[in-house]
Amino acid sequence: DGCIRDFLSQMDELYSLRGQGLREFISSTQVPSEEQDKALRAASKVKRQNLVRRVETNPPEEVERIVDGLARVTAELQKNLEVPELGRFLLRGDLEGNDLKSEIDILREANQTGYLRILKEEGSRMVFRVHTSLAPQYGFSYRGSYYEVALTASDLTKLRTARDHSAATKVVASIVQRFSPPASSRLFEPTGSDD
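So, here's what we can say about the structure. Just so you know, these numbers come straight off a predicted model, no measurement behind them. (Residues numbered from 1 in each chain as written. Predicted model: local features only at pLDDT ≥ 70, side-chain atom pairs only at ≥ 80, totals over all residues. Heavy atoms only, no water.)

Taken in spatial order, the 4 strands of this open sheet run E2-E3-E1-E4, and their pairing is mixed. Because the sheet does not close on itself, it has two edges, and the strands there are strand E2 (116-122) and strand E4 (147-151). Strand-to-strand twist of the sheet, defined as the mean angle between neighbouring strand axes without regard to direction, takes the value 30°. Here E2 pairs with strand E3 (residues 125-130) via 6 bridges, running antiparallel. Note on E3: the bridge partner recorded for Leu 116 is Val 130. With respect to the sheet, helix H6 (residues 101-112) is in contact with strand E1 (86-92), E2 and E3, its orientation differing from that of E2 by roughly 125°. Strands in contact with helix H8 (residues 153-161) are E1 and E4; relative to E4, the strand with the most contacts, it is inclined by about 75°. (Pairing = 2+ DSSP bridges. Helix = DSSP H or I, 4+ residues; strand = E, 2+ residues; numbered from the N terminus. Axes fitted to C-alpha atoms, helices over the stretch in contact; angles between N-to-C directions. Contact = heavy atoms within 4.5 Å.)

Turning our attention to the packing of H6 against H8. Interhelical geometry of H6 versus H8 gives an angle of 75° and a closest axis separation of 10 Å. Comparing the axis directions of H6 and H8 gives the class roughly perpendicular. For the pair formed by H6 and H8, the contact residues are Ser 102, Glu 103, Ile 106 and Leu 107 on the first element and Leu 156, Thr 157 and Arg 160 on the second. Class assignment for the residues of the contact of H6 with H8 results in 3 nonpolar, 2 polar and 2 charged. (Parallel < 35°, antiparallel > 145°, perpendicular 65-115°, else oblique. Nonpolar A, V, L, I, M, F, W, Y, C, P; charged D, E, K, R; others polar.)

Spelled out as structure tokens, the structure:
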């Protein structure tokens, strides 16, 4: 997502992992992909763990529940190979009204602190996705999400107010179920021709 803070965190994890002197680290031209993977995963985990400390204006646990819930929804939706990069969330409604105030405030703060990325906010529409720096932690695409998924204010409210992880998991499952294709009894669907 072009975030310098995330890049520096990732480089710090890689530097620590490699155990080299600074000059040797800087002059390295090839870093094995296994080491890159470990560093990206470690940086993502640290970022996820620091979410509560980085939130300043909204109740941190509510921001955490929404970010965690949306990240889990993204990861589950992307397991569907028919449309592998779902997770660009579309929210419609009165974005400045009282009905969505708590949820919109949380989305904006999560965007400001680098946990969500608001892609478009105009009129009664907001399009956003989970920040790609959390992809290693949750297991969704590092490229980001490309296909829209419509959320309701109720979805966000249920995530925000979930009393525990189990309750949040039920909300995540209900969102995912709306967008998952029905199970097929065939590995490959017939094409309609005999070729």
